[in-house]
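# Tertiary structure, described
Read off the chains here:
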Amino acid sequence: MNGNTAAETIRLKKERNAVILAHNYTRGEVQDLADFTGDSLELARLAARTEAQTIVFCGVWFMAETAAILNPGKTVLAPVPSAGCPMADMIDAARLKAFKAEHPGATTVCYVNSTAEVKAECDICVTSGNAEKVMATIPRDREIIFVPDRHLGSHVSSLEGRKYHLWPGYCPTHARLTEKAVLDAKAAHPGAPLLVHPECAGGVRALADECLSTGGMCRYARESAAKTILVGTETGILHRLRSENPDKTFIPVSEALVCPNMKKTTAQDVLESLAEMKTRVEIDERTAARARRAIEAMLAV
Ligand code: 13P
Ligand code: SF4
């Protein structure tokens, strides 16, 4: 990013009364432009309470959509609307309705990595940062449907010691992290704690010291006495981990963990998004109102 892009973005941001939110996996140049960089939960909370009139959401579509659902009177811009989440697209409202029909009376929970129409069919949302706390609010005698991530679902289900009806969705980026890569990294850096994201497969999670959201990893990095930390998630997070902790070494367990959608947005796209006020996220109000209940139920926990 050149100085002109940054200066012009800051000027436009003031003119539009805008805030720029970026996910921890976005390009470093986008994180450097953003007012806030965080995990899905932190960004949803910020989106819910911002006083800015315009929110530029740098991440993937469902995140911008969540911000728009929470802010019906505001303008939410997604600089690159084709940046989607393949896991979110592994279920749609029709298939979820059919799944619900197989388990009548179950409480339906969706990972925030889901479309507005799927959220509209759910009772409550979770993110990887609050899933355990949110699930604990559901009475023990209820059956639970959990969509779309089978890995986050099975992770929380084993923490809770109860079974969920899991949808077989997964993150294609985190699926690239193999047990062999983890064992090799551990052998090369004995004693270094290993952090993985709950979207990783069970065999990988079982080898980790901590299974955390991206925000949880940032906190762990700040608070841990460890000088070398192994990171098992999308490599975009390394930018933030390294700039916030210059005295520590962060080693990606695999360089293959790159989410192509998170990388679509460049600093230039953010500038153009503000200059042309595009692409506005618009959701039909009936769907938005139903999805909002599920998101607000989560934010209230
Ligand atoms: P976090 O909520 O942990 O940031 O995760 C979001 C995501 O898409 C992970 O793939
Ligand atoms: Fe979706 Fe995985 Fe990319 Fe996260 S990392 S946005 S879950 S594809």
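Refer to the preceding data block for the structure.
### Re the sheet that holds strand 3 (residues 54–58)
A sheet is described by the order of its strands in space; here four strands give the open sequence 2-1-3-4, paired in parallel fashion. Edge positions in the open sheet fall to strand 2 (36–38) and strand 4 (75–77), since each of these has one partner strand only. Sheet twist, expressed as the mean angle between neighbouring strand axes with direction ignored, is 20°. The pairing of strand 3 with strand 4 spans three bridges and is parallel. Bridged to Thr54 within strand 4 is Thr75. Each of strand 1 (18–23), strand 3 and strand 4 touches helix 13 (residues 267–276); the most contacted strand, strand 3, lies at about 155° to it.

### A word on the side chain of Asn71
Take Asn71: it is sitting in the loop between helix 4 (61–70) and strand 4. Excluding residues that lie within four positions of it along the chain, Asn71 makes contacts with Ala47, Ala48 and Ile55.

### Points about unusual backbone geometry
The amide bond that connects Val147 to the next residue, Pro148, takes the cis arrangement and shows omega of -15°. Here Pro148 lies in the loop between strand 7 (144–147) and helix 8 (150–160). Its identity as a non-glycine residue notwithstanding, Asn17 has a phi of 50°, on the positive side. Counting through the fold element by element, Asn17 comes out in the loop between helix 1 (3–15) and strand 1. Unusually for a residue other than glycine, Met277 sits at a positive phi of about 50°. You can see Met277 is positioned in the loop between helix 13 and helix 14 (285–299).

### Quick word on the site of ligand 1
Neighbouring residues of ligand 1: His23, Tyr25, Asp39, Ser40, Tyr111, Asn113, Ser128, His174, His197, Glu199, Ser213 and Thr214. Glu199 is positioned such that a nitrogen or oxygen atom in its side chain is 2.7 Å from an oxygen atom of ligand 1. For ligand 1, an oxygen atom lies 2.6 Å from a polar atom in the side chain of Thr214. Burial of ligand 1 by the surrounding chains reaches 96%, relative to a free accessible area of 300 Å². Each residue belonging to the shell around ligand 1 can be placed in one class, and the counts come to two nonpolar, eight polar and two charged.

What counts as what
Every chain's residues receive numbers from 1 upward, in the order its sequence appears when written. Labels follow written order: the first chain is A, the first ligand is 1, and so on. Per-residue local features of the predicted model are confined to residues with pLDDT of at least 70, and side-chain atom pairs are confined, for both listing and counting, to 80 or more; whole-chain, interface and lining totals are unaffected and use all residues. Side-chain descriptors were evaluated using all non-hydrogen atoms of the structure, hydrogens and water having been removed beforehand. The pairing criterion for strands is at least two bridges between them, as found by DSSP. The helix count covers DSSP runs of H or I at least four residues long, the strand count covers runs of E at least two residues long, and both are numbered beginning at the N terminus. In this analysis an axis means a line fitted to C-alpha atoms, helices contributing only their contacting stretch, and an angle means the value between N-to-C directions, from 0 to 180 degrees. Whether two residues are in contact is decided by their heavy atoms, any of which lying within 4.5 Å being enough. A single heavy atom is enough: if one lies within 4 Å of a molecule or strand, its residue is considered near that molecule or strand. Counting of polar contacts relies on pairs of N or O atoms within 3.5 Å, with two restrictions inside protein: one atom must be capable of donating a hydrogen and the other of accepting it, and residues adjacent in sequence are counted only when both atoms are side-chain atoms. Each accessible area is a Shrake-Rupley estimate made with a 1.4 Å probe; only the visible protein chains count as cover when residues are assessed. Think of it as three bins: nonpolar holds Ala, Val, Leu, Ile, Met, Phe, Trp, Tyr, Cys and Pro, charged holds Asp, Glu, Lys and Arg, and polar takes everything else, Gly as well.

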